[in-house]
Amino acid sequence: GDAIDPITNETIFISQTIDFMDYFEIEPDAHFFQPKRDMFCVGRVAADNLPGLPNYYEYGSELIFHYKSSHSNTVHKIISPRNNWYDHEMFLARVDYKPINMDNPGNIFAGRR
């Protein structure tokens with residue numbers, strides 16, 4: 001494509017390449033994240049305590065799942081972004097997300113239609 005340089009007002013050529021890469025989705029066993037049983041530090045004193053949990057917090061997450069279209073037999077990988085909220089004093093846990101129209105999944109990023 002081409003564009004106009006805002007400083008020189010000249011037409012310049014633009015070449016853009018988008019490189020997509022696949023990755024494997026795996027779920028390792030729980031033991032993979034545990035230290036070895038005989039691993040310890042001689043003379044180490046655990047002087048620091050873990051910090052307490054705050055009374056309220058929020059974070060973003062994504063729910064990723066696969067959906068097979070009944071019309072085309074195409075498998076769609078759907079990524080649904082979510083906002084998660086927790087408030088201990090109000091006894092409230094909340095998840096905000098945009099519902100997905102499974103008859104027309106459209107863009108695989110469910111929150112960006």
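Look up: the structure comes first, before these words.
These numbers were taken from a predicted model, which means no experiment stands behind them.

1. Some points on the side chain of Ser80
- Relative to the elements of secondary structure, Ser80 occurs in strand β4 (residues 75-87).
- Within the local environment of Ser80, its side chain forms a polar contact with the side chain of Arg82, the two groups lying 3.5 Å apart.

2. Let's talk about the sheet that holds strand β3 (residues 56-68)
- If you walk across this open sheet you meet the three strands as β3-β4-β5, and the pairing is antiparallel. The two strands at the open ends of the sheet, each matched to only one other strand, are β3 and β5 (92-96). Averaged over neighbouring strand pairs, the angle between their axes works out to 25° when direction is ignored.
- Both β4 and β5 contribute to a ladder of five bridges, which runs antiparallel.

3. Concerning the packing of aromatic side chains
- Counted according to the given criterion, the structure contains three aromatic pairs.
- Between Tyr57 and Tyr59, the ring centres sit 6.4 Å apart and the planes meet at 25°, which makes this aromatic pair stacked.
- Ring centres of Tyr57 and Tyr86 lie 5.3 Å apart, and the angle between their planes is 35°; on these two criteria the pair is classed as tilted. Here Tyr57, found in strand β3, pairs with Tyr86, found in strand β4; they are 29 residues apart in sequence, far enough to count as distant.
- A relative accessible area of 29% means that Tyr86 is categorised as partly exposed.
- Connected via pairs of aromatic rings, a cluster forms that spans Tyr57, Tyr59 and Tyr86.
- The positively charged end of Arg82 is found above the aromatic ring belonging to Tyr97, 4.2 Å away from the centroid.
- The ring of Trp85 carries the charged tip of Arg94 above its face, separated from the ring centre by 5.6 Å.

What counts as what
- Residues numbered from 1 in each chain as written.
- Predicted model: local features only at pLDDT ≥ 70, side-chain atom pairs only at ≥ 80, totals over all residues.
- Heavy atoms only, no water.
- Helix = DSSP H or I, 4+ residues; strand = E, 2+ residues; numbered from the N terminus.
- Polar contact = N/O pair within 3.5 Å; in protein donor to acceptor, adjacent residues only side chain to side chain.
- Pairing = 2+ DSSP bridges.
- Axes fitted to C-alpha atoms, helices over the stretch in contact; angles between N-to-C directions.
- Phe/Tyr/Trp six-rings, centres within 6.5 Å; stacked < 30°, edge-to-face > 60°.
- Buried < 20%, exposed > 50% of the residue type's maximum accessible area, 1.4 Å probe, protein only.
- Lys NZ or Arg CZ within 6 Å of the ring centre and 35° of its normal.

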